[in-house]
Structures are given as structure tokens and as C-alpha cells.
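# What the coordinates show
Letter by letter, the chains look like this.
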Amino acid sequence: MNKKSIRVSICLILILILSLSLSGTSFALRGGNVDTGSKQISAPIVENLKPSSETTKMTYLRQAPSNVDIINNQITVSNEETAKPASETTKMTLQKAASLNEANPMSLSRPTKGTNLPYNGSFSGVNTEIFLNYYFFTNGSTQLYVDWNVRADYPANVLWHINVYQAGTNKFVMSSDQFSTNSNTGWWTTRFYNLDPAYNYYISFVNDGPQIGSPIFGDFTVRLK
């Protein structure tokens, strides 16, 4: 064999080796197994990954914190510590009999003794402000209910309201709405709420006129819910 034939043979052998080498690399990139002799190594699959997300429905209901109110998909955080005393008045659907408890008349002086609730009372001939003889043991309650039926002594429209005071300190807490003996006839209930549970309370009935000489009288019950 001459030198030229030898060189051609060597070139063919090199081309064959290179071809086999390129075939193995291509096979590995396609995810095939590359034989390293003693171990089979799985070639990694290379992909172009893009950011993505997924959302699933929870299998249990998550409870909102107790100080969070969810109204119309809006979250409002309530703070009971900053709540101010308030009142609301509604007309009673059932007529209540007038109280005959004349042993508990009212007084022009502020009370110095306490009593448990419920408390029934009545008053008459009130031209200014009249207080209960007792303050109420609220036992940590933050609200009081006053059922009342107030009228005018004479056929005149008289305005009036209820005041709430702290027992012991005699501090004024709040007033109810103003009522009318012509409009607020029959039995009504006024609820006072957001009261400080650290105190006991008492109430008064106040004649707002239009002038002195138009007294009011009435029956009432003070109770807890």
C-alpha cells in the first residue's frame, strides 16, 4: 500500500470517529442515555421556563379576626375601645301595663344607693328633671334598656328626654333623643349601649318644655337585655 492510500485511509477513519462523536452528543441532547462505561447518566432536558401562577379554592373556611367586619367585600377594623355611648329608641309591639310600683317614686336628689335590675317605677308632675332613687348594678353589662310610656298632664305637646349618669362620680354620660308626648304615644324602648362596664349607672327624665307649667308623668322599667 502506497503512502497516498494510507493517508486516505487515515482521513476516513478520522471522519468516522468524528461522526460517531457528534452522533453521541446529539443523542444526549435529545434526552438519551450516555454510556460512560460503568454508569448510565440521564442527560438533562433543557426548556425555556416562563413565570407562571396557579390559584386553588381552599378546602376549609378561614375565620376573620373578631375585630374585623367584612361588608360588601370591604374590610373595616373595629375598635371597641373608641366606641362612644349611644342610644336607639323603638316602639314596643306589645302594649305593656302601667306600673303600680308607687313604692319607688322618683326624687329631685341624685341616688346614693344601688339596686338590681329589672326596676319598675313611675313619676308625675315633672316640670324639670327628676332622678331615680337608686342607681343600677349593671354587673359589667355595656347596655341598659328603658321601657317607657310618658304623657303630658294637660292636653299639650311636651318635649322631653332621658339622661344617663355614672353612679358614684355623677358624671353625665349621654342623653337620648328628644321625644314628644304627642308623637311618642304608648310604650317605647330606648337602648343605651357602649357604656363603660366598669361603672354602675342611673337615669333621669327631663322635661324640655315648651314651658314650665306643662308637667309630664309616666311609667317605666329599666332592665338588662
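Residues numbered from 1 in each chain as written. Predicted model: local features only at pLDDT ≥ 70, side-chain atom pairs only at ≥ 80, totals over all residues. Heavy atoms only, no water.

The next subject is the overall build of the chain. In terms of regular secondary structure, the chain is built from one helix and 16 strands. Buried residues in the chain amount to 32% of all 225 residues. In the chain, the share of contacts with a sequence separation of at least 24, taken over all contacts with a separation of at least 6, comes to 71%. Summing over all exposed atoms, the chain offers an accessible surface of approximately 15600 Å²; the carbon and sulfur share of this is 54%. (Helix = DSSP H or I, 4+ residues; strand = E, 2+ residues; numbered from the N terminus. Buried < 20%, exposed > 50% of the residue type's maximum accessible area, 1.4 Å probe, protein only. Contact = heavy atoms within 4.5 Å. Areas by Shrake-Rupley, 256 points an atom, 1.4 Å probe, with all protein chains shown as cover.)

Taken in spatial order, the five strands of this open sheet run S5-S14-S10-S16-S7, and their pairing is antiparallel. Among the strands making up the open sheet, the edge pair consists of strand S5 (86-91) and strand S7 (119-126). With strand direction ignored, the average angle separating the axes of adjacent strands in the sheet is 20°. Relative to strand S16 (residues 216-223), strand S10 (residues 144-152) runs antiparallel, the two being bridged by eight bridges. If you follow Arg151 over to S16, its bridge partner there is Phe217. (Pairing = 2+ DSSP bridges. Axes fitted to C-alpha atoms, helices over the stretch in contact; angles between N-to-C directions.)

Moving on, we get to the confidence of the model for the chain. The predicted model of the chain averages 77 in pLDDT, with 63% of residues at 70 or higher. Between residues 25-39, whose pLDDT stays under 50, and residues either more than four places distant or in other chains, the model counts 15 contacts. Low pLDDT, under 50, characterises residues 60-78; the stretch is placed with twelve contacts to residues that sit more than four places away or in other chains. (pLDDT = per-residue confidence, 0-100.)

Right, let's get into the packing of aromatic side chains. Inspection of every chain in the model, using the stated rule, returns 16 aromatic pairs. With centroids separated by 4.7 Å and ring planes inclined at 85°, the aromatic side chains of Trp148 and Trp160 adopt a geometry described as edge-to-face. Of this pair, Trp148 sits in strand S10 while Trp160 sits in strand S11 (residues 159-166), and the two are twelve residues apart along the sequence. The exposure classification of Trp148 matches that of Trp160, with both residues buried. Each member of the aromatic cluster is reached from another via a ring pair, and the members are Tyr119, Phe123, Tyr134, Phe136, Trp148, Trp160, Phe179, Trp188, Phe205 and Phe220. Here the basic side chain of Arg110 rests over the ring of Tyr165, its NZ or CZ set 4.6 Å away from the ring centre. Over the ring of Tyr193 we find Arg191; its NZ or CZ atom is 4.0 Å from the centre of that ring. (Phe/Tyr/Trp six-rings, centres within 6.5 Å; stacked < 30°, edge-to-face > 60°. Lys NZ or Arg CZ within 6 Å of the ring centre and 35° of its normal.)

Within the secondary structure, Phe137 sits in the loop between strand S9 (134-136) and S10. Overall, Phe137 belongs to the partly exposed group, its relative accessible area being 29%. Sequence separation between Phe137 and Asn116 is 21 residues; the distance between their C-alpha atoms is 5.3 Å. Apart from the residues within four sequence positions on either side, Phe137 is in contact with Gly114, Thr115, Asn116 and Asn200.

Another point: the nonpolar core. Membership of the largest hydrophobic core comes to 28 residues, with the highest contact counts inside it found for Phe123, Trp148, Ile203, Phe205 and Phe220. Counting residues per element, the ones that place at least two in this core are S7, S10, S11, strand S14 (188-193), strand S15 (201-209) and S16. It is S10 that contributes the most residues to this core, five residues altogether. Among the nonpolar cores identified, the runner-up in size contains five residues, and Phe131, Tyr135, Ala167 and Tyr202 belong to it. (Core = buried A, V, L, I, M, F, W, Y, C linked by side-chain atoms within 4.5 Å.)

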